[in-house]
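# Residue-level structure breakdown
Read off the chains here:
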Amino acid sequence: MIRRHGEHTIQRAVDRVGLLEHLKNFEHSVVVLDYTLFDFVDVEQLLIVSERFSMAGWILLSDELTPKLIRRLVYSSNAFSIVFKDCPLYELKEALQAASRNSRYICQRAMGTVVAELQEEEVRGVLTQTEKEIVKAIAQGKTTKEIAAERFLSIHTINTRSEERRVGKECR
């Protein structure tokens, strides 16, 4: 964890409890986290912590993240930058800069994962044209609030309909 305001220092947390303690003391931090080595129960718990500490910037830096996890983070939150450990150095720098501005950066490999899944769903005819446009807008970094405003819909409509379509199609 790196403090953003004042003197830059690096703090190390070895578990979720330690991370929470650091975040209580340094809310304006950039958290660099290897999700696969940390003790979060699931991605939902990570999302809750990121919402609780919304002043922090978050970077997931990992050897391996599942497509499902990447998709969940990209679609659910603008708080997370995603970078793989084998990505070029410039992508890590971009992620650090984005996190320090409370925006996100998705490395090419992670974006490729999201796009590949989108293309697979397109082949199966799973998504409507509107759903494809919404997914592409999310992948480009737009928030659900921005997308809803552009489409004159509520944020809840976009989230609910997307979730209903996903669940309904998985059950078929």
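Preceding this paragraph is the structure being described.
Owing to the predicted nature of the structure, the values given are computational and were not obtained by experimental measurement. (Residues numbered from 1 in each chain as written. Predicted model: local features only at pLDDT ≥ 70, side-chain atom pairs only at ≥ 80, totals over all residues. Heavy atoms only, no water.)

Moving on to the overall build of the protein. When its secondary structure is counted, the protein shows 8 helices and 4 strands. Buried positions account for 40% of the 172 residues belonging to the protein. If you take every contact in the protein between residues at least 6 apart in sequence, the share linking residues at least 24 apart comes to 56%. Of the roughly 10,200 Å² of accessible surface on the protein, a fraction of 53% belongs to carbon and sulfur atoms. (Helix = DSSP H or I, 4+ residues; strand = E, 2+ residues; numbered from the N terminus. Buried < 20%, exposed > 50% of the residue type's maximum accessible area, 1.4 Å probe, protein only. Contact = heavy atoms within 4.5 Å. Areas by Shrake-Rupley, 256 points an atom, 1.4 Å probe, with all protein chains shown as cover.)

Moving on, we come to the packing of helix α2 (residues 43-52) against helix α3 (residues 67-76). When two helices pack together, their arrangement is given by the angle between their axes and by how far apart the axes lie. It is the contact of α2 with α3, at a shortest axis distance of 11 Å, that shows an interaxial angle of 30 degrees. One way to sum up the angle between α2 and α3 is to call them roughly parallel. As for the relative orientation of α2 and α3, their crossing is right-handed in sense. Mapping the contact onto sequence places V43, E44 and L47 in α2 and L69, R72, L73 and S76 in α3. (Axes fitted to C-alpha atoms, helices over the stretch in contact; angles between N-to-C directions. Parallel < 35°, antiparallel > 145°, perpendicular 65-115°, else oblique. Left-handed = near helix turned anticlockwise from the far one by under 90°.)

Right, let's get into the side chain of S50. Following the sequence through the fold, S50 ends up in helix α2. The residues contacting S50, other than those within four sequence positions of it, are W58 and F80.

Take the pattern of salt bridges next. Following the criterion strictly, the structure yields 6 salt bridges and no others. Between E21 and K24 there is a salt bridge; the shortest N-O distance is 3.4 Å. One end of the pair is E21 and the other is K24, both in helix α1 (residues 16-25) and 3 residues apart, which spans about a single turn. Residue E21 is classed as partly exposed on the basis of its relative accessible area of 41%. Note that R151 and E133 form a salt bridge whose closest N and O atoms lie 2.5 Å from each other. In this pair, R151 is assigned in helix α7 (residues 144-151) and E133 in helix α6 (residues 129-139), connecting sequence segments 18 residues apart. (Salt bridge = Lys/Arg side-chain N within 4 Å of Asp/Glu carboxyl O.)

The subject of this paragraph is the state of the cysteines. What the rule picks out here adds up to 0 disulfides. Summary of cysteine pairing: C87 is not part of a disulfide, and the nearest cysteine sulfur, belonging to C107, is at 3.6 Å. On the basis of relative accessibility, which here comes to 15%, the residue C87 falls in the buried class. (Disulfide = S-S within 2.5 Å.)

Within strand β3 (residues 57-62), 6 of the 6 residues are buried, which leaves the element mostly enclosed by the surrounding structure. Residue alternation in β3 divides its side chains into two sets, G57, I59 and L61 and W58, L60 and S62, and both sets are buried. Of the strand pairs in this sheet, strand β2 (residues 29-33) and β3 are connected by 4 bridges, and their pairing is parallel. Looking across to β3, one finds that V32 is bridged to I59. Between the parallel elements β2 and β3, the chain passes through α2 in a crossover that is right-handed. By the bridge criterion, 5 bridges tie β3 to strand β4 (residues 80-84) in an arrangement that is parallel. (Pairing = 2+ DSSP bridges. Right-handed = clockwise from strand over helix to strand, strands pointing away.)

A separate point is the packing of aromatic side chains. The tally for this structure, following the rule as stated, stands at 2 aromatic pairs. With a centroid separation of 5.7 Å and an interplanar angle of 50 degrees, the aromatic rings of W58 and F80 are classed as tilted. Of this pair, W58 sits in strand β3 while F80 sits in strand β4; the two residues are 22 residues apart in sequence, bridging distant segments of the chain. When its relative accessible area of 1% is taken as the criterion, W58 is described as buried. The ring of F84 carries the charged tip of R109 above its face, separated from the ring centre by 3.8 Å. (Phe/Tyr/Trp six-rings, centres within 6.5 Å; stacked < 30°, edge-to-face > 60°. Lys NZ or Arg CZ within 6 Å of the ring centre and 35° of its normal.)

Another aspect to go through is the layout of surface pockets. Volume-wise, the second largest pocket comes out at about 270 Å³. Lining the second largest pocket we find 14 residues, and of these A13, V32, L33, D34 and F38 sit closest to its centre. If you list the elements that add at least two residues to the lining of the second largest pocket, you get α1 and β2. It is β2 that contributes the most residues to the lining of the second largest pocket, 3 residues altogether. In terms of residue class, the lining of the second largest pocket is made up of 10 nonpolar, 2 polar and 2 charged. (1 Å grid on protein atoms, 1.4 Å probe; cavity = no way out; pocket = protein on both sides within 12 Å on 5 of 7 lines; lining within 4 Å. Points joined across faces, edges and corners; volume = space filled by probe spheres on them. Nonpolar A, V, L, I, M, F, W, Y, C, P; charged D, E, K, R; others polar.)

Everything listed here is a matter of coordinates, which is why it stays silent on function.
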